[in-house]
Amino acid sequence: MLIRVLPDVLISQIAAGEVVERPAAALKEILENSLDAGATDIQVDLEQGGIKRIRVADNGSGIARDELALALTRHATSKIASLADLEQVASLGFRGEALASIAAIARVQLASRGANADHPGAEHAWAVQVEGGRLGEPAPAARATGTTIDIQDLFFNTPARRKFLKTEATEYAHCAETVRRLALANPQVAFTLSHNGRVQLRLNVGSAAARVRQVMGEAFERNTIAVDAAAGALRVSGWVIRPGAATASRDSQHVFVNGRYVRDKLIVHALKEAYRDVLHHQLNPAYCLFISLPPDAVDVNVHPAKTEIRFRDSRGVHQFLFHAVERLLSAPVTGSAAPEAPGTPAAPGFRPGFVAQQQGSMPLQVNEAMAFYAPLQWAGLRGQDSGEEGAPAAQPLPDGIDAPPLGYALGQLHGVYVLAQNAQGLVLVDMHAAHERVVYEKLKTALDARAVPAQTLLIPVALTVDARDAAEISPHLASLREIGFELSVTSPTSVAVRSVPWLLKNADPVELTRAVLREVAEFGVARLLAERRNELLATLACHGAVRANRHLTLPEMNALLREMEATERGGQCNHGRPTWFQVSLRELDAMFMRGR
């Protein structure tokens, strides 16, 4: 077999297979060059989804006449000059492959005028033509300082590659997404995107928050929580969606590392884990996060497309992101902000799903009817300390008494919802979902402290089980006892339940035990108590939570409200559904057309 050196044009065409997968990939490389050149205004014109034409004009520092040919040469770059530079890349582009690869598979015109007036030829712009890798001579051109690159007929000389492109609409969608991503990371730059002669997107210079609103929409902004955390030189800022507003789509997941858009499995996993306790398994969180760290702490030279990276301390980054977002989703905050009904605007600074610690209110002793809660002192109003039938209904909030965030109970609706009055208006609570979260968090806390109290049954309950289930749990009875279950195998196909976790003492012990056995049969006791511990506790909490159609007295309802205020992640149940909504007086007035 004859070994030969490949011609430069063929080498560039091969490289194009890695760098220029589709029009959007070519557009990304050009836009990154514009940003690296310090552009503050970038105009993008596309035809036929970028397949027919991609034209990008910027007002960056430009390219001198003598360097136009170099800009289109493989591995020619102004970004790095040594290995030391490569180990701490601060620019978006640096490989010196993109323009040469694009020029090898398209008809390209590069026109530029350098910002340095003293440089030879800077009195006007210069342009150079390239077709299929064949470079022409520079010629005078007219334009202000900056660069214009015009790419036409992508893949015209590699028809096999062109066949893999999708429809015009699909390719345009990828190009538009590329512009939006880079626009999110660069709010100090104005972007204009046109397609087939019509302006599709116009983004003016503004704040990061304004750019997020422009690109991701007001619904995203309305339902997000601001993130800002740091650990040494590592910092994350941006926005994450509140759990109740999550959807099944992954389209609104944007992460930037040192200004570079990346798709990193480690980051995605950390954020997914942060949402695990507050998000339904079929939903995905939306976020727009900006991570910054020293350039030498991340390797961006992993793939020619530069969307894959490698952290030097991957575990440290994972834990930092996980804890930063997880704490934000779980920690109560001071104030009376509350989730509003779907479709209502949020107040500035609003942090949905979180409730404040209770403030100045009057004590109330919980009676025996509250046995399904841990005994605590609760806040309430005078006249609400009786759980007996015929107790007086809740009165309007008296002057001088600060209502807690979720207010005080007014009554129960259809045995499912608790209605409460707070300073903002009406609060609606799903009592089962809310109590499920309360019980779940209490079980986690007790298990973490290795102190899960058990409630011994007066009469052990026997149930028939599958022989495999009985055999599976036999060696692990001591481990089950640690989470409050005392079981004994009385025969190859029967089990006796002697105690259950105290927090679940009002649950049906047979159904509760069968739920545990189903989990054991699927995952085994050891795995269940280790990596799937929270899933098990969520199952138990669901069985232990107060059921629909259970009549609650006003003290019981108020006790539930106070529990929710003191519970982490109290705004969502274990499946990610909201536990309560706020309906403001303004909305109620609008419903009844008051003030019109």
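From a predicted model like this one, the values you see are computed outputs, not experimental measurements.

Comments concerning the overall build of the protein
From N to C terminus, the protein includes 19 helices and 25 strands. Put simply, the protein has 596 residues, and 48% of those count as buried. Accessible area for the protein stands at about 28,200 Å²; split by element, carbon and sulfur atoms hold 52% of it.

Structural notes on helix H11 (residues 314-330)
An ideal rise of 1.5 Å per residue puts 24 Å on 17 residues; H11 measures up with 24 Å between its terminal C-alpha atoms. Restricting attention to buried positions, one finds in H11 the residues Val317, His318, Phe320, Leu321, Phe322, Ala324, Val325, Glu326, Leu328, Leu329 and Ser330. Lining the buried residues of H11 we find strand E10 (224-231), strand E11 (234-241), helix H10 (265-274), strand E14 (287-292) and strand E16 (310-311).

A word on the pairing of strand E3 (residues 107-113)
Two strands pair when backbone bridges link them, and E3 and strand E4 (residues 125-131) are joined in this way by six bridges, in the antiparallel orientation. Bridging across to E4, Gln109 finds its partner in Gln129. Pairing of E3 with strand E7 (residues 146-152), which is carried by seven bridges, proceeds in the antiparallel orientation. In the strand pairing of E7, Arg113 is matched with Gly146.

Regarding the packing of aromatic side chains
On inspection of all chains with the given rule, the structure shows two aromatic pairs. With a centroid separation of 5.1 Å and 15° between ring planes, the pair formed by Phe256 and Phe290 is classed as stacked. Separated by 34 residues along the polypeptide, Phe256 in strand E12 (residues 253-257) and Phe290 in strand E14 bring together distant segments of the chain. Feature note: the residues Phe256, Tyr261 and Phe290 constitute an aromatic cluster, connected by ring pairs. Note that Arg65 overlies the ring of Trp126, its terminal NZ or CZ placed 4.1 Å from the centroid. Its guanidinium or amino end placed over the ring of Phe156, Arg107 lies 4.0 Å from that ring's centre, counting from NZ or CZ.

Remarks on helix H18 (residues 554-566)
Compared with the 18 Å implied by 1.5 Å per residue over 13 residues, the 19 Å span of H18 between its first and last C-alpha is a close match. Of all 13 residues that make up H18, twelve are buried, and the element is covered over most of its length.

Details of the environment of Ala100
Topologically, Ala100 is positioned in helix H5 (residues 98-104). Looking at Ala100, the relative accessible area reads 6%, which means it is buried. Along the sequence, Ala100 and Leu72 sit 28 residues apart, while their C-alpha atoms lie 4.7 Å from each other.

Section: the sheet that holds strand E24 (residues 494-501)
Strand order in this open sheet of three strands is E22-E24-E23, and the pairing throughout is antiparallel. Each end of this open sheet is capped by a strand with a single partner; those strands are strand E22 (454-464) and strand E23 (486-491). Between one strand axis and the next, the sheet turns through 15° on average, direction left out of account. Here E23 runs beside E24; their pairing, made up of five bridges, is antiparallel. Note that in E24 the partner of Glu486 across the bridge is Ser499. Packing of helix H15 (residues 509-523) onto the sheet brings it into contact with E22, E23 and E24, and relative to E22 it is tilted by some 75°.

Notes on the environment of Ala248
By secondary structure assignment, the location of Ala248 is in the loop between E11 and E12. Through-space distance from the C-alpha of Ala248 to that of Gln282 is 6.2 Å; in sequence the pair is 34 residues apart. When residues no more than four places from it in sequence are discounted, the contact partners of Ala248 are Gln282, Leu283 and Asn284.

Considerations on the pattern of salt bridges
All told, the structure shown has 25 salt bridges when counted by the stated rule. Notably, a salt bridge pairs Asp45 with Arg55, separated by 3.6 Å at the nearest N-O pair. Note that Asp45 is positioned in strand E1 (residues 41-47) and Arg55 in strand E2 (residues 53-58), a separation of ten residues in sequence. Asp45 sits in the partly exposed class, given a relative accessible area of 26%. The partly exposed category is assigned to Arg55, whose relative accessible area is 26%. Residue Arg562 pairs with Glu565 through a salt bridge whose shortest N-O separation is 2.8 Å. Here Arg562 pairs with Glu565, and both are found in helix H18, just three residues apart, close to one helical turn. Since its relative accessible area comes to 1%, Arg562 is described here as buried. The class of Glu565 is buried, set by a relative accessible area of 1%.

Structural notes on the confidence of the model for the protein
Across the protein, pLDDT averages 80, with 80% of residues at or above 70. Here residues 333-366 is modelled with pLDDT under 50, and outside its nearest four sequence neighbours on either side it reaches 88 contacts, counting other chains as well. Low pLDDT, under 50, characterises residues 368-396; the predicted model gives this stretch 72 contacts beyond four residues in sequence or across chains.

Observations concerning the sheet that holds strand E13 (residues 260-261)
Within the open sheet, the five strands sit side by side as E10-E11-E14-E12-E13. Their pairing is mixed. The open sheet has two edge strands, E10 and E13, and neither has a second partner. Docked against the sheet, H11 engages E10, E11 and E14, running at close to 45° with respect to E11.

Quick notes on the packing of H15 against helix H17 (residues 533-544)
The description of two packed helices rests on the angle between their axes and on the distance between the axes. Running from N to C, H15 and H17 point in directions that differ by 160°, and their axes come no closer than 10 Å. When the axes of H15 and H17 are compared, the pair comes out roughly antiparallel. For the element pair H15 and H17, the recorded crossing hand is right-handed. Taking contact as the criterion, the partners of Glu511, Leu512, Ala515, Val516 and Glu519 in H15 are, on H17, Leu536, Thr539, Leu540 and His543. Of the residues contributing to the contact of H15 with H17, the split by class is five nonpolar, two polar and two charged.

Rules behind the numbers
Residues numbered from 1 in each chain as written. Predicted model: local features only at pLDDT ≥ 70, side-chain atom pairs only at ≥ 80, totals over all residues. Heavy atoms only, no water. Helix = DSSP H or I, 4+ residues; strand = E, 2+ residues; numbered from the N terminus. Buried < 20%, exposed > 50% of the residue type's maximum accessible area, 1.4 Å probe, protein only. Areas by Shrake-Rupley, 256 points an atom, 1.4 Å probe, with all protein chains shown as cover. Expected span 1.5 Å × (residues − 1). Contact = heavy atoms within 4.5 Å. Pairing = 2+ DSSP bridges. Phe/Tyr/Trp six-rings, centres within 6.5 Å; stacked < 30°, edge-to-face > 60°. Lys NZ or Arg CZ within 6 Å of the ring centre and 35° of its normal. Axes fitted to C-alpha atoms, helices over the stretch in contact; angles between N-to-C directions. Salt bridge = Lys/Arg side-chain N within 4 Å of Asp/Glu carboxyl O. pLDDT = per-residue confidence, 0-100. Parallel < 35°, antiparallel > 145°, perpendicular 65-115°, else oblique. Left-handed = near helix turned anticlockwise from the far one by under 90°. Nonpolar A, V, L, I, M, F, W, Y, C, P; charged D, E, K, R; others polar.

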